[in-house]
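Descriptive analysis of the structure
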Amino acid sequence: MFFFTRYLLLQVLDYFYYFFIDFDPKRDLLIETFLAINEKINLSAVRDYHGVYVKHILDSIELEKVIDLRALNANAKSKDWLFKVADIGTGGGFPLLPLAIQYPEVEFVGIDSVRKKLQAISDMANILDIKNVRLERKRIEEVREKFDVITARAVAHVDKLIPRVHTLLKPT
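Residues numbered from 1 in each chain as written. Predicted model: local features only at pLDDT ≥ 70, side-chain atom pairs only at ≥ 80, totals over all residues. Heavy atoms only, no water.

**Examining the overall build of the chain**
Scanning the chain for helices and strands turns up seven helices and four strands. Moving toward the C terminus, one meets the helices and strands of the chain in the order α-α-α-α-β-α-β-α-β-β-α. Across the 172 residues of the chain, 43% fall into the buried class. Restricting to contacts in the chain with at least 6 residues of sequence separation, those with at least 24 account for 66%. When the accessible surface of the chain is totalled, it reaches about 10100 Å², and 59% of it is carbon and sulfur. (Helix = DSSP H or I, 4+ residues; strand = E, 2+ residues; numbered from the N terminus. Buried < 20%, exposed > 50% of the residue type's maximum accessible area, 1.4 Å probe, protein only. Contact = heavy atoms within 4.5 Å. Areas by Shrake-Rupley, 256 points an atom, 1.4 Å probe, with all protein chains shown as cover.)

In structure tokens form, the structure reads like this:
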């Protein structure tokens, strides 16, 4: 009984936080759009509003706790270069789309080799009017562009991923 009560309390706190503190209409539309597209194309096993919010949206914006993209972007602009973030294996659009919503001044590039996933992301970006996202249908090995930050979520174990993507980073 204690575990159920604790679980229920955590769920209520999550909802309270989202709807009264962290509510963003564009993020809400992203969740609704993702759920609608996910019914037709299997992008994720997560199929409910709360699950998408917690497992995809909150997980995606965790990057904010580690990297200040606004400060890095401002620094890049002061040196006259375009600040770019690559999302390798962008899949269902996470963390690509939540980060693009959060940082409209930063250019995001979603890279994936699966056409249907990229089409779904493109559809979501168009519905949400997200202008700072570009999509590339390529494998990691085919990418020649350089990026300031690289994200990857559920692509490969870190020991396998880093050797494949480190050449995509701009020199500091």
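**Here we look at the sheet that holds strand E3 (residues 133-137)**
Taken in spatial order, the four strands of this open sheet run E3-E2-E1-E4, and their pairing is parallel. Since the sheet does not close on itself, it has two edges, and those belong to E3 and strand E4 (149-152), each with one partner. When the angles between neighbouring strand axes are averaged without regard to direction, this sheet yields 20 degrees. Across five bridges, the pairing between strand E2 (residues 107-112) and E3 is parallel. What sits directly across from Ile 111, in E3, is Glu 136. (Pairing = 2+ DSSP bridges. Axes fitted to C-alpha atoms, helices over the stretch in contact; angles between N-to-C directions.)

**Digging into helix H2 (residues 25-40)**
Here H2 contains 16 residues, and its C-alpha end-to-end distance of 23 Å stays within 8% of the 22 Å for a straight helix at 1.5 Å per residue. Within H2 the residues assigned to the buried category are Arg 27, Leu 30, Ile 31, Thr 33, Phe 34, Leu 35, Ile 37 and Asn 38. (Expected span 1.5 Å × (residues − 1).)

**What about the pairing of strand E1 (residues 84-88)?**
Across the five residues of E1, five count as buried, placing the element largely inside the fold. Across the two faces of E1 the burial is the same, with Lys 84, Ala 86 and Ile 88 and Val 85 and Asp 87 all buried. Here E1 pairs with E2 via five bridges, running parallel. Following the sheet pairing, Lys 84 is matched in E2 by Glu 107. As a crossover connection, the stretch from E1 through helix H5 (residues 96-102) into E2 is right-handed. The sheet contact formed by E1 and E4 spans four bridges and is parallel. Looking at the pairing, Ala 86 lines up with Ile 150 of E4. (Right-handed = clockwise from strand over helix to strand, strands pointing away.)

**Quick notes on the packing of aromatic side chains**
Counted under the stated rule, the structure contains one aromatic pair. Here the aromatic rings of Phe 34 and Phe 94 are separated by 5.1 Å at their centres, their planes lie at 75 degrees, and the arrangement is edge-to-face. Placement of Phe 34 in helix H2 and of Phe 94 in the loop between E1 and H5 is noted, with a sequence separation of 60 residues between them. Each member of the pair, Phe 34 as well as Phe 94, is classed as buried. Of note, Lys 84 hangs over the ring of Phe 147, and the distance from its end group to the ring centre comes to 5.7 Å. (Phe/Tyr/Trp six-rings, centres within 6.5 Å; stacked < 30°, edge-to-face > 60°. Lys NZ or Arg CZ within 6 Å of the ring centre and 35° of its normal.)

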